[in-house]
Each structure stands twice: as structure tokens, then as C-alpha cells.
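These are the residues of each chain, in order.
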Amino acid sequence: MTGETVILAYSGGLDTSCILKWLLDKQYDVICVLADVGQKEDFAAAEKKALKIGAKKVIVVDAKQSFVEDYIWPAIQMGLIYEERYLLGTSLARPCISVALMEVARQYDAKYLAHGATGKGNDQVRFELCAYALKPDLKIIAPWRDEAFCRRFQGRQDLIVYAQANGIEVSAKPSTPWSTDANILHISYESGVLENPNTVAPASLYEMTVDPLVNAPREPVRVVIHFEHGLPTRVEDPANKCVYRTPLEMLKFLNDVGGSYGIGRIDIVENRYVGLKSRGVYETPGGTILYTAHQDLEVFTLDREVLRTKQVLRDRMSDYVYNGFWLSPEAIYAQRCIALAEQRVCGQVTMELAPGYCRAIARKASEADGALYNEQLVSMDVHGGYVPQDAGGFIAINAVRIREHVRAFGPYEVAKQTK
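Scope of this entry: the structure provided in the associated data block. On a predicted model such as this, the values are computed, not experimentally measured, just so you know. (Residues numbered from 1 in each chain as written. Predicted model: local features only at pLDDT ≥ 70, side-chain atom pairs only at ≥ 80, totals over all residues. Heavy atoms only, no water.)

### Focus on the sheet that holds strand 7 (residues 187-190)
Within a beta sheet, neighbouring strands are joined by backbone hydrogen bonds and run either parallel or antiparallel to one another. On the basis of which strands lie adjacent, the open sheet formed by four strands has the order 6-7-12-11 and antiparallel pairing. The sheet is open, and its two edges are formed by strand 6 (179-182) and strand 11 (265-271), each paired on a single side. Strand-to-strand twist in this sheet, taken as the mean axis angle between neighbours without regard to direction, amounts to 25 degrees. Here strand 6 runs beside strand 7; their pairing, made up of four bridges, is antiparallel. Among the inter-strand pairings, serine 179 is bridged to a residue of strand 7, identified as glutamate 190. (Pairing = 2+ DSSP bridges. Helix = DSSP H or I, 4+ residues; strand = E, 2+ residues; numbered from the N terminus. Axes fitted to C-alpha atoms, helices over the stretch in contact; angles between N-to-C directions.)

### Digging into the layout of surface pockets
Here the second largest pocket defines a volume of roughly 170 Å³. Forming the boundary of the second largest pocket are 13 residues, of which Arg85, Leu87, Gly264, Ile266 and Thr288 lie nearest the centre. At the level of secondary structure, the elements contributing two or more residues to the lining of the second largest pocket comprise strand 11 and helix 9 (285-301). The residue inventory of the lining of the second largest pocket, partitioned by class, reads six nonpolar, five polar and two charged. (1 Å grid on protein atoms, 1.4 Å probe; cavity = no way out; pocket = protein on both sides within 12 Å on 5 of 7 lines; lining within 4 Å. Points joined across faces, edges and corners; volume = space filled by probe spheres on them. Nonpolar A, V, L, I, M, F, W, Y, C, P; charged D, E, K, R; others polar.)

### A word on the sheet that holds strand 2 (residues 29-36)
One open sheet accounts for five strands, arranged 3-2-1-4-5; its pairing is parallel. For this open sheet the edge positions go to strand 3 (57-62) and strand 5 (139-141), each flanked by a neighbour on one side alone. Shown here is a sheet whose adjacent strand axes are inclined to one another by a mean of 25 degrees, direction ignored. Across three bridges, the pairing between strand 1 (residues 5-9) and strand 4 (residues 112-114) is parallel. From the neighbouring strand, valine 6 faces strand 4, where its bridge partner is tyrosine 112. Across the sheet, helix 1 (residues 14-25) is in contact with strand 1, strand 2, strand 4 and strand 5; its angle to strand 1 comes to roughly 170 degrees. (Contact = heavy atoms within 4.5 Å.)

### Here's the deal with the pattern of salt bridges
When charged atoms on two side chains of opposite charge get close, those side chains can pair. One pass over the structure, following the stated rule, counts 18 salt bridges. Aspartate 123 serves as the salt-bridge partner of arginine 94, at 2.8 Å between the closest nitrogen and oxygen. Of this pair, arginine 94 sits in helix 4 (residues 89-107) while aspartate 123 sits in helix 5 (residues 123-134), and the two are 29 residues apart along the sequence. A relative accessible area of 17% means that aspartate 123 is categorised as buried. Salt-bridge contacts for glutamate 305 lead to arginine 304; the nearest nitrogen and oxygen are separated by 2.8 Å. Note on arginine 304: relative accessible area 56%, which makes it exposed. Shared partners join several salt bridges into a network, and the residues in it are Arg94, Asp123, Arg126 and Asp181. (Salt bridge = Lys/Arg side-chain N within 4 Å of Asp/Glu carboxyl O. Buried < 20%, exposed > 50% of the residue type's maximum accessible area, 1.4 Å probe, protein only.)

That's the geometry; what it means functionally is another story.
Printed below as a string of C-alpha cells:
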């Protein structure tokens, strides 16, 4: 394959460093692309390592701003959450990285894309579906689906041995062989000792948050988050009298303060799109604060039935993103529908941050957009236009179905627990 150019989605980690060497052995010309999506990476060192292994060129793409504004912020607006717990930190980064990869592929007229995603995971689907949506004539090289590669390497332990034999420096060691994926939204940990779901994750694993029971401040702190049309527009730090206005600044601040309180840690078993269950440990401090604030403001500002309909679309969109369909007709449709509902989600939420959790403690709708919350109508001190007698008819109509069931089948019996 001499002369054929391959774009390698390169991280500088164990898998892609070994894959770079493997591609070179097959006589490909390899251009490594590192997308900076906010991970704490020594890009200069990663570039130096790739060139030392033999890469033809290394390109670092600064995608932080795009990642936050074009992917994370829409996800907050839509309230995306997979299986009610995972805020999709890795899933959202994949289409952003894919855009960077395809721009380089077009620039160098490359026909091949290689990646280090495992054949058992979701990322292979995400990268390849996004790549095909952007450059449908592309050819994929997925070593973890290559028979010869898989015969040679069973997993990360074999890669560590291969790296050592070829003089490739990697951070993974046999004593700490979990896999890490980081970006400005979160850090994920999986594989290795974490594959046994009954094994408690080592305390040394966490990088983005402190132990909330040991190292977090004891006194809570408050922040105020403002939204327009469901999108965060500014964050106020009353304690320090600071205001953060750009998406990147807001997320960095919330990551820092949320991480200092140990907010956003989850340890879950999830359902992968390919059909497997996997255990993952995640840290998403700033994203957790934003999600919680947005959810509170939605309930406060949206009509009840609009909210219920939006939640159905949110769940579908969360699946689309997790499964790799960010660039698909159904995802574009769902996002536009949700954005329509979010036009009413304008206002501010006061969040209290405490060790290990955050909660909304006050909220206010933007006066210019009106508010469905009617303080006089809901008051227990005045009727406020509500006619209490009407509730009798409301209850009677709703009771028709229950009473008919009793007429036909007899009264309900309350089951008693046997001792």
C-alpha cells in the first residue's frame, strides 16, 4: 500500500500509538490528527512521539470552541441524558472530532480513515457513521476488526508488550490498565480492573473531581446560571463577583468549582449500541450543574404537555447521539423540534453546590418572555381567580372510569404483606 495516505484519529495513547506503528508496517503513509477538545494533553509531546514512531505528519486541530458551542451547548438545550444517567461526554465529542478528521482528509485527498475504536464498542459506529455522512466515498481501516490484528492482539495487555518491544512510550501500565477518554465536558474510565462491575473504582482513578467526602469544602457555594431559549448565556459567581459570558469560560468555571465539590461522578453499567452491557465511570462536573439548572428552568417555564412531548424527543435524541447518529435526518429533525419548545426556556436559576451534589434553590423567568407560573393563582392565601367548586366536577369526571371498573369487576382489594 506504498503511497496511500491514511488519516489516523490519533490520541497519543496506547491503542493509537500501536496502531500507527502497525499501519506503517503495512507501508501506509500516515497523517495523525489530534483534535483538541479540551483534554489535558501535552500535544507537543504527542506530536513528537508520533513523528518518532514514523508518522508522515501530525496535525493538531483546536476544536474546543466548536465542541462547546456546536455540540455541548445544544445538548444542554435539549437536556440530553442517556439511560437517565450519562450526559454523553464521549458521544458528543465524536462528531466534533469527525468533522476535524474529514477536513484534513479532504485537504490531503486521503481515501482512508483509521481509528483505534474497539470492535466491541460504540465509538467505531460513531466515527464511521459521521465520516460517511461527511465524506461518503471514504474507506475505513479499523484494526480492532481486522482478523490478523485481532489474532496478534487480544487486548490492552498485548498492546503494552508490543509498545515496549517497539520503543513506544505509553502511560498505561499493567497495574493501572484502565482506559481513559477525556475532553472539556468529562472524563470516562473503562476496561481493565473496571470490567468487573462489582469492583470499586480505585480512588486514584479520578482526575477531574475531588473526593466529595474527604477533600470538598464543607460550606456550600451558590452560582446563578442564565438561559435564553434553553442555552446558557452567562454564569454569575456572587461570592467573587465574577461573570462568565462565553460558553468556553462558563464551562471551564463550572468544571473548576464543580470539580472542587466532587460533583458529577457516576459509576454505571450501560447498554452499548452494539448489544453489550459495559461498566463506565464518568466525571462531568460542569455539565451536571448545567443539566440540573436547565431541567429546573424547563419545568418552571414550559407548558406541561409541551414538556412531556419534549421529553419523548429528548430520549430519542439521546439515543441518536449515543448510537452515533448526530448527523442523520432523524437527529436533525428532533433537534429542530426541541429547539422550538426551548424558545420559552428563558430565565435564571440559582444553584447551590455542596459536597457531591448540586441543586436548584431559586429560579426566575425572564420578564420579557412572560411566565406560566402564576403566584396569585397558586397561592393558598387567596383564590386568585381559581374556583374551588370546579374541582368537584373535575374529580367526578375522572372518577367515571374507576367507578365503572368497580361496577363491572368489584371493589379493588388492597393486598396485605404476609409476615
